[in-house]
Amino acid sequence: MAKMIHSMLRVFDAKKSIEFYQTVFDFRIKRQINFDDFDLIYLGNDETDFELELTANHAQKEVYELGNGYGHLAFAAENIEDLHAKAKAAGYSPKDVKSFYNGDDLVAKFFFIKDPDGYDIEVIERSEFYK
């Protein structure tokens, strides 16, 4: 059996990205490995062992093009209205909170926000489906 341990994103400005994930999701740097040409920065919090790896390539001169194949990362939170307000107060621009139904059944309550590199992040309220 395999265990999923991290997902990696290439970031243009590591400082801005770290600040975003710290401010909005209470992530902290768990460890960082610095190489001559790039840095690997692993972020996480006490909610999960899963980590977000930020790769900062020193020679990168322009923001990355995300292409049309990237989907999103997802975070689950207890009260997404509070998290939405926190992100907005910090100067980020989360999209409106939405409710997603299958017929009359609520599937998810969520909002999207972009990180400093333009990656989409879905924030889903915890439920029996999303823990």
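Residues numbered from 1 in each chain as written. Predicted model: local features only at pLDDT ≥ 70, side-chain atom pairs only at ≥ 80, totals over all residues. Heavy atoms only, no water.

A.B. asks: Tell me about the overall build of the chain, residues and numbers included.
C.D. replies: When its secondary structure is counted, the chain shows two helices and eight strands. The helix and strand sequence of the chain, counted from the amino end, reads β-α-β-β-β-β-α-β-β-β. For the chain, whose C-alpha radius of gyration is 16 Å, the value lies close to the compact-globule estimate of 14 Å for 131 residues. Seen through its C-alpha atoms, the chain measures out along the principal axes to roughly 55 × 40 × 30 Å. Buried residues in the chain amount to 34% of all 131 residues. Across the chain, contacts joining residues at least 24 apart in sequence account for 49% of those joining residues at least 6 apart. Of the side chains in the chain, 16 bear a positive and 25 a negative charge, and the two mean positions are spaced by 2 Å. (Helix = DSSP H or I, 4+ residues; strand = E, 2+ residues; numbered from the N terminus. Rg over C-alpha atoms; globule rule 2.2 N^0.38 Å. Buried < 20%, exposed > 50% of the residue type's maximum accessible area, 1.4 Å probe, protein only. Contact = heavy atoms within 4.5 Å. Lys, Arg positive; Asp, Glu negative; His and termini not counted. Charge placed at Lys NZ, Arg CZ, Asp CG, Glu CD.)

A.B. asks: I'd love a proper account of the sheet that holds strand E1 (residues 6-10), names of residues and values included.
C.D. replies: Strand order across the open sheet formed by four strands is E1-E4-E3-E2, with mixed pairing between neighbours. At either margin of the open sheet sits one strand with a lone partner, and together these are E1 and strand E2 (28-34). Strand-to-strand twist of the sheet, defined as the mean angle between neighbouring strand axes without regard to direction, takes the value 20°. Of the strands in this sheet, E1, E2, strand E3 (38-44) and strand E4 (51-57) touch helix H1 (residues 14-25), which is tilted by about 165° from E4. (Pairing = 2+ DSSP bridges. Axes fitted to C-alpha atoms, helices over the stretch in contact; angles between N-to-C directions.)

A.B. asks: Hey, could you go over H1 for me, with residue numbers and the actual values?
C.D. replies: The end-to-end C-alpha distance of H1, which contains twelve residues, comes to 16 Å, matching closely the 16 Å that a straight helix rising 1.5 Å per residue would cover. Among the residues of H1, Ala14, Ser17, Ile18, Phe20, Tyr21, Val24 and Phe25 are the ones counted as buried. Mapping the buried residues of H1 onto a view down its axis gives an arc of 160°, with all of them on the same face. Of the residues in H1, the exposed ones pointing more than 90 degrees away from the buried face are Lys15 and Lys16. Where H1 begins, the capping side chain belongs to Asp13, and its oxygen is found 3.2 Å from the backbone nitrogen of Lys15. A positive backbone phi angle near 60° is found at Asp26, which sits one or two residues after H1. (Expected span 1.5 Å × (residues − 1). Arc of directions from axis to C-beta. Polar contact = N/O pair within 3.5 Å; in protein donor to acceptor, adjacent residues only side chain to side chain.)

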